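Spelled out from the first residue to the last, the chains are:
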Amino acid sequence: MPSAKTLVCTCEDVTLAEVRRAFAEGYRDLESVKRYTGFGTGPCQGKSCLALVAGELLRLGATPAEVEPFTPRLPVDPVSLGRLAALDPGGLPLALEAPVAALPGGERGPRPGSPLPARADVVSVGGGIMGLALAWNLTRRGVRDVVVLERSYLNAGASGRNGGGVRAQWSTPTLIRLGQRSLALCAEFAVEMGINVWMRRGGYLFLAPTTEQAARLERNLRVHAENGLRTRLMSPSEAARIVPQLDPSRFLVAAWNPDDAVVFPWPFLWGYARRAEAVGAKVLTFTRVTGFERTGARLSAVVTDRGRIACETVVNAAGAWSKEVAALAGVALPNRPTRHEILVTEGTKPWLGPLVSVLGSGLYFSQSQRGEVVGGMGDPSEPEGIALGSTPRFLARFARAITLCAPATAGLRVVRSWAGCYDVTPDNNPILGAAGPPNFLQLSGFVGHGFMMAPAVAELMAGWMAGDPPDEIFTRFTLDRFQRQAAPAEDFVIG
Amino acid sequence: MPRLPDPRFAPDCTIRFDGERIPARAGESVAVALLAAGRAVLARSAKYHRPRGAFCLAGSCHACLARVDGLPSRRTCQVPCRPGLQVETQNAVLGASRDLLAAIDRLYPRGLDHHHLMTWNGLANRAAVAFSRKLAGAGTLPAEVQPVPPSPADERFDAVVVGAGPAGLGAAAALARQGRRILLAEAERAAGGRLRCAFDLPGDPPLTWAPEVERRVRAAGGELALEACVAGAWRDREEHVLLVAEQDPLRPPRLVRTRRVVLATGSSALPPLFPRNDLPGILAERGLAHALAEDGLVPGARAIVLGTSPEGSALAQRLARAGMDVRAAEAAVAVRGASRVSELVLAGGERLACDTVVWAGERAPASQLGRAMGAPARWLGGAGGWALAIRPTGETAVPGLFAAGEVTGGMTAAEAALSGERAGEAAGA
């Protein structure tokens, strides 16, 4: 006889007890409970469980604002990639877009339980992985009076919307070094921070469909070898031994680094937040920054929709919102937030080891710990601006691209699609260090690689803020580089 | 007696379930054929490898997934039988009824905290990650997939009605009366919705109303699309663009443009909330009533109808007439059973033997599509879910989007038909 569990989500085997435990641990709003327990993320997409869990949360004492239904993700009913590939993306303009409710927060949103402190040494605007990893690293360096402000729930922004790739295969020594450090930190994360992140080193497999792209891989190979990466170039038939489902006629050469990895993004934020809070930092969700106060040239306080916090240093770690936040301090960033869509299929038993990325097309896909194919694809016609709606154009483009690359995926059904925003800079490199007011530090401008870079960059940033000599990234990637001269651009961002 | 002794319900073909021959009627759902053959367990669950089988029999709960003709995780309650169909269980070692990995469920009786599992040591953690990856995912990637032909050019209709239950039929009738050319999209294999359940409650429109509406829709140049699910909807200025995907996995999806949409997507069964509420043999009343009426399915020998709805009482009488030993219970605290429910436990501790529990409890509005289209929803209280908010005319706050029937809150079939009429009137004006 099966044990006496009461299930709320039969797709993902989530029990009533798990929902209660999540609530007791402070995950009170429906979006957070969904992510923490996994309910509603299976093929039924909440048709059976959403109402049950909402009812239980209300019984446990959640407020109605905490129990707003999560955005239904498209497709509402699973549709296979093979069938979506039958749609003509040419007839689907980007303007066809699903409406999305504003991120929970603001006047009628959930209210955080803890009060706003009157002052702090450091305030991070943004509670994505950058701000949270920075807060935790600062506490380790003895700076414990840190406040992280998040406008919505943890994982509401790009940190909770990305595909979870972490790689060292970059085209410049700096990013290779940061990637290697992040991989090492990710590998230790579960034990060090006490929460699983399901890291799996299946490698990254870059496919070059043209001679031009093949030349890029060859150029990179030299840099990789000089910097200690085990990257290998391989023929299509050799690559097809790693992923037998690939159509070898679709590319000329592949580059593979077996040490690259995929992780599950959400628990990184919970892990950093919980550990930072345990030693005195404050993570305040559903708190929106509306302005800054100045004393002379310096910022003296952060103003939020719940009151003000006087502080010594402000860090702009707002991701796609970094340009908006900088503008509140009178600083103009050249960043252009740009939507990037992504989807997930039903789960199947393991068949795909590496994250596969097709150069030039923007297509990438991997298989998650739960067996789902997770993948995205950039769209050159995507305009600048923060947008979180899903489009049928993306579903059709992605489905066409992946079923050409790996034809067997045509039988997999898409269960959910969503969007996040890249924080695109003119040279695809981040913006770090002070900009404008001397105590207004930038930690932004990551072009789809913010998540994977955060563990390493936040560690360096915390060290620098605590008095270490600055790493070269804090002198090279400053805002004023755009006034000096055209810096060499990073050409290996994907998607 | 697995089926009513009526020649209409006599099996006329054979499907294979893990190689075994199962008698079936062509056109009935795989889940119903397997229930009629006494096969309630179709798979093992994702994490704990608990027995899984059909619950809602209406395409919403996804508990009845199996590999069908090489494609993983198909909803067997939505796949029609045809001779030679191959059905295979998923996620089980040594078969779904005695899966070795069910030990996981017993090892972790209070649940498995996946966040903190084996985080005390690097080696243990790496082993846990590697092992759990092997366990994850139901089914396997299809070996080869037949190509899907390109989608047809965008189609245009004066209006689209989503769902052909009483509310959708009401809306379609009103629209056809106004001469509108409409697409009436129904996810199931026939129109009628809960009218197909043959509850025959006072005021219920007769099922013959469905073909009558279909005739009127066709006379106005419209179409009834069966096994057609609206999987997505977007706005292009004044128009709604709907992605219509039929059940057949090889049919290309259709893109349909229209200025008026009436959502009559009805409601979904919610499982009861007590220990072992996921045991096979617990069936939602509407799904079972429908299978009894159309396929003659008699799911076992002893049923307990749990809940107090008029539909539940009507079904109890029909199950009794079909020869089942039927009891009613208002509420329960648990069920017991090895791989299928064998006892219902009442609040006082009394145990009632059964092989089937008919769950006639709460349902939730199927408001996902409406909410995905931006329509505001209101919480119904209890665990009743979110209903689309409408004005008396059936209009939602989204231009050109109307809603009717149970997607706007619980109501009788007669009330749903009336609300559909109103929404159809307004949408066609």
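Details of the structure are given in the entry above.
What counts, and where the lines are drawn
- Residues numbered from 1 in each chain as written.
- Chains lettered and ligands numbered in written order.
- Predicted model: local features only at pLDDT ≥ 70, side-chain atom pairs only at ≥ 80, totals over all residues.
- Heavy atoms only, no water.
- Helix = DSSP H or I, 4+ residues; strand = E, 2+ residues; numbered from the N terminus.
- Rg over C-alpha atoms; globule rule 2.2 N^0.38 Å.
- Buried < 20%, exposed > 50% of the residue type's maximum accessible area, 1.4 Å probe, protein only.
- Pairing = 2+ DSSP bridges.
- Contact = heavy atoms within 4.5 Å.
- Buried area = accessible area lost by both parts, 1.4 Å probe.
- Salt bridge = Lys/Arg side-chain N within 4 Å of Asp/Glu carboxyl O.
- Nonpolar A, V, L, I, M, F, W, Y, C, P; charged D, E, K, R; others polar.
- Patch = residues over 30% accessible without salt bridge, like charges linked within 9 Å, V, L, I, M, F, W, Y side chains within 5 Å.
- Areas by Shrake-Rupley, 256 points an atom, 1.4 Å probe, with all protein chains shown as cover.
- Arc of directions from axis to C-beta.
- Axes fitted to C-alpha atoms, helices over the stretch in contact; angles between N-to-C directions.
- Left-handed = near helix turned anticlockwise from the far one by under 90°.

Visitor: An account of the overall build of chain B is needed here, citing residue identities and associated values.
Guide: Within chain B, the secondary structure is distributed over nine helices and 25 strands. Compactness check: chain B gives a C-alpha radius of gyration of 22 Å against a globular reference of 22 Å for 429 residues, within 12% of the reference. Its C-alpha atoms put chain B at 65 × 55 × 45 Å along the principal axes. Taken over 429 residues, chain B has a buried fraction of 59%.

Visitor: Outline the pairing of strand β2 (residues 20–24) of chain B, listing residues and values.
Guide: Residues and elements named next belong to chain B. In the sheet, strand β1 (residues 13–17) pairs with β2 via five bridges, with the strands oriented antiparallel. The residue of β2 that forms the bridge with T14 is P23. Connecting the antiparallel pair β1 and β2 is a turn made up of two residues, with D18 showing a positive phi of about 50°.

Visitor: Which residues make up the interface of chain B and chain A, and what values do they have?
Guide: In this complex, chain B contributes 100 residues to the contact, which on the side of chain A involves 86 residues. A buried area of about 7,300 Å², summed over both sides, lies between chain B and chain A, and 60% of it is on carbon and sulfur atoms. Of all residues in chain B, R133, L141 and W234 of chain B bury the most surface against chain A, accounting for 12% of the area lost on that side. At the boundary of chain B with chain A, the tally comes to four salt bridges. Along the lines of polarity and charge, the residues of the side of chain B that touches chain A split into 51 nonpolar, 29 polar and 20 charged.

Visitor: So what's going on with a nonpolar patch on the surface? Which residues, and what values?
Guide: The grouping of V93, L94 and L100 of chain B at the surface amounts to a nonpolar patch, some 280 Å² of accessible area in total. When you line up the elements, L100 of chain B lands in the loop between β7 (86–88) and α2 (103–107).

Visitor: Describe helix α2 (residues 30–37) of chain A, and please don't skip the residues or the numbers.
Guide: The buried fraction of α2 of chain A amounts to eight of the eight residues, a majority that puts the element mostly inside the structure. Against β2 (14–15), α1 (16–24), α3 (49–60) and α9 (266–278) of chain A together with β24 (386–388) of chain B lie the buried residues of α2 of chain A. The first or second residue beyond α2 of chain A is G38 of chain A, which carries a positive phi of 90°.

Visitor: Break down the side chain of S268 of chain B for me, citing the residues and quoting the values.
Guide: Secondary-structure assignment places S268 of chain B in strand β14 (residues 267–269). When its relative accessible area of 4% is taken as the criterion, S268 of chain B is described as buried. Apart from residues lying up to four places away in sequence, S268 of chain B is in contact with K47 of chain A together with S60, R363, A364 and A366 of chain B.

Visitor: Describe in detail α1 of chain A, supporting the description with residues and values.
Guide: Residues and elements named next belong to chain A. Along α1, the residues that are buried comprise L16, E18, V19, A22 and F23. Looking down the long axis of α1, one finds its buried residues gathered within 160° of arc, a one-sided arrangement. Where α1 is buried, its residues contact β1 (7–9), β2, α2 and α3. One or two positions beyond α1, positive phi appears at G26, with a value near 105°.

Visitor: Quick rundown of the sheet that holds β1 of chain B? Include the residues and the values.
Guide: Sheet strands line up and pair through hydrogen bonds in the backbone, either parallel or antiparallel. Residue and element names in this part refer to chain B. Strand order in the open sheet formed by five strands is β2-β1-β7-β5-β6, and the pairing between neighbours is mixed. Where the open sheet ends on each side, the last strands, each with one partner, are β2 and β6 (71–75). Sheet twist, expressed as the average angle between the axes of neighbouring strands with direction ignored, equals 40°. Note that strand β5 (residues 65–68) and β7 share two bridges and pair antiparallel. Of the residues in β7, the one forming a bridge with V68 is V87.

Visitor: Which residues make up the pattern of salt bridges, and what are the values?
Guide: Considering all chains together, one arrives at 65 salt bridges over all chains under this definition. Here E472 of chain A makes a salt bridge to R177 of chain A, at a shortest N to O gap of 3.0 Å. Placement of the pair is E472 of chain A in the loop between α12 (450–465) and α13 (473–476) and R177 of chain A in helix α6 (residues 173–193), with a sequence separation of 295 residues. For E472 of chain A, a relative accessible area of 31% corresponds to the partly exposed category. Take R177 of chain A: its relative accessible area is 31%, and that puts it in the partly exposed class. Between R391 of chain B and E395 of chain B there is a salt bridge; the shortest N-O distance is 3.5 Å. On the basis of relative accessibility, which here comes to 44%, the residue R391 of chain B falls in the partly exposed class. A cluster of three or more residues bridged by salt bridges with shared partners is formed by R3, R25, E28, R189, R196, E294 and D295 of chain B.

Visitor: If you had to explain the sheet that holds strand β20 (residues 351–353) of chain B to someone new, which residues and values would you point to?
Guide: All names here are of chain B. Taken in spatial order, the three strands line up as β18-β19-β20 in an open sheet, and their pairing is antiparallel. Sheet topology places β18 (334–336) and β20 at the edges, where each strand pairs with a single neighbour. Taking the axes of each pair of neighbouring strands and ignoring which way they run, one obtains an average angle of 25° across the sheet. Taken together, the three bridges between β18 and strand β19 (residues 343–345) define a ladder with antiparallel strand orientation. Directly across from V335, in β19, lies its bridge partner L344.

Visitor: Could you give an account of the environment of M193 of chain A, with specific residues and numbers?
Guide: All names here are of chain A. Examined against the element boundaries, M193 turns out to sit in helix α6. Judged by relative accessible area, M193 falls into the buried class, the value being 5%. Counting along the chain gives 84 residues from M193 to E277, while the straight-line C-alpha distance between them is 12 Å. If we skip the residues at most four places from it in the chain, M193 touches W136, G271, Y272 and R275.

Visitor: Give a description of the pairing of strand β14 (residues 307–316) of chain A that names residues and reports values.
Guide: Where a strand is regular, its side chains alternate between the two sheet faces. Residue and element names in this part refer to chain A. Sheet topology note: the strand β4 (residues 119–125)/β14 ladder contains six bridges and is parallel. Within β14, the position partnered with V122 by the bridge is T313. Bridge count between strand β13 (residues 298–304) and β14: four bridges; the pairing is antiparallel. Its bridge partner being in β14, T304 is matched across the sheet by G307. Counting the residues between successive antiparallel strands, the hairpin from β13 to β14 contains two residues. Note that β14 and strand β21 (residues 440–444) share three bridges and pair parallel. Paired with N316 across the bridge in β21 is Q442.

Visitor: Could you give an account of the packing of helix α5 (residues 129–140) of chain A against α12 of chain A, with specific residues and numbers?
Guide: Residue and element names in this part refer to chain A. Between α5 and α12, whose axes approach to 8 Å, the crossing angle comes to 35°. Judged by the sense of rotation from one axis to the other, the crossing of α5 with α12 is right-handed. Contacts from I129, M130, A133, L134, N137 and L138 of α5 reach α12 at G450, F451, M453, A454, P455, A458, E459, M461, A462 and M465. Across the contact of α5 with α12, the residue classes tally to 13 nonpolar, two polar and one charged.

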